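Per-entry structural report
Residue strings, one per chain:
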Amino acid sequence: MTENEEAEFNRMMAIVVKQSVVWYREQDFSRMNDDARSELESLFTDGDEYDSMASVQISLNVMMMGNAWQDKRLYEIAARAAQLSYDVKTLGKPDGKVALRQLLDELSELLREPKFSEEE
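These lines cover the structure that appears in this document, whether it is placed above or below. The structure presented is a predicted model; accordingly, all values stated were derived computationally and were not measured. (Residues numbered from 1 in each chain as written. Predicted model: local features only at pLDDT ≥ 70, side-chain atom pairs only at ≥ 80, totals over all residues. Heavy atoms only, no water.)

1. Here's the deal with the overall build of the protein chain
Rule in force here: Strands are runs of DSSP state E lasting at least two residues, helices are runs of H or I lasting at least four, and both sets are numbered from the N terminus onward. Within these notes, the globule rule equals 2.2 Å times the number of residues to the 0.38 power, and the radius of gyration is based on C-alpha atoms. Exposure is judged per residue with a 1.4 Å probe applied to protein chains only, and the accessible area is read against the type maximum: over 50% gives exposed, under 20% gives buried, and values in between give partly exposed.
Scanning the protein chain for helices and strands turns up five helices and zero strands. For the protein chain, the N- to C-terminal ordering of α and β elements is α-α-α-α-α. Taken over C-alpha atoms, the radius of gyration comes to 15 Å for the protein chain, in line with the 14 Å a tight globule of 120 residues would show. C-alpha atoms of the protein chain, sized along the principal axes, occupy 45 × 30 × 25 Å. Counting the 120 residues in the protein chain, one finds 33% classified as buried.

What follows is the structure, encoded as structure tokens:
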């Protein structure tokens, strides 16, 4: 990758990460791409089931945020979301949905800290 390509990649990643912070802080996923949006919105629907890929989506997005800010708390939340993605006792079931909603609430609260709102 050339220096210019790397600079452009870093610029684009910064935009994606900042937008992800807004989505997760506000828990408004309406501007995500269709697949990711439907996965996350399934956590807010009536009923007990949800899209099991939601935990993977959360984990990957939060890991990117953790990497951008080098914040251990974000890595821990990403790890917890990843664990929920392979726990057969909770995956796609009511307990998993509740756990992911609680995790999203915790993440939303964390992302309200001023350092995550800088340069939006």
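There is more to say, and it comes next.
2. Quick notes on helix H1 (residues 3-26)
As a reminder of what qualifies: How far a helix is expected to stretch is found by multiplying one less than its residue total by 1.5 Å. Contact between two residues is taken to exist if any of their heavy atoms lie within 4.5 Å; hydrogens are not considered.
Taking 1.5 Å of rise per residue, the 24 residues of H1 would be expected to cover 34 Å, and the 35 Å separating its terminal C-alpha atoms lies within 8% of that figure. Buried residues along H1 sit against helix H2 (34-41), helix H3 (54-69) and helix H5 (94-110).

3. Some details on the pattern of salt bridges
Side chains that carry opposite charge are capable of pairing whenever their charged atoms lie near each other. Rules: We define a salt bridge as a side-chain nitrogen of Lys or Arg found within 4 Å of a carboxyl oxygen belonging to Asp or Glu.
On inspection of all chains with the given rule, the structure shows nine salt bridges. Between Glu 8 and Arg 11 there is a salt bridge, and its shortest N-O distance comes to 2.8 Å. Pair noted here: Glu 8 and Arg 11 are both in helix H1, with a separation of three residues, about one helical turn. Look at Glu 8 and you get partly exposed, because its relative accessible area is 37%. On the basis of relative accessibility, which here comes to 43%, the residue Arg 11 falls in the partly exposed class. Connected through salt bridges with shared partners, the residues Asp 71, Arg 73, Glu 113 and Lys 115 form a single ionic network.

4. Notes on the nonpolar core
The condition is simple: By convention a nonpolar core is built from buried Ala, Val, Leu, Ile, Met, Phe, Trp, Tyr and Cys residues, the set being connected through side-chain atoms within 4.5 Å.
One finds Tyr 24 and Ile 58 to be the most contacted residues of the largest nonpolar core, which totals 26 residues. Elements supplying a minimum of two residues to this core: H1, H2, H3, helix H4 (72-84) and H5. Once residues lying within four places of it in the same chain are set aside, the contact partners of Tyr 24 are Phe 29, Met 32, Leu 40, Gln 57, Ile 58, Asn 61, Met 65, Leu 104, Leu 107, Ser 108 and Leu 111.

5. Comments concerning the side chain of Glu 39
Rules: Positive charge is attributed to Lys and Arg, negative charge to Asp and Glu, and no charge count is given to His or to the chain ends.
Assignment of secondary structure puts Glu 39 in helix H2. For Glu 39, which is buried and forms no salt bridge, the nearest opposite charge comes from Arg 37, at a distance of 11 Å.

Purely geometric stuff here, so don't read any function into it on its own.
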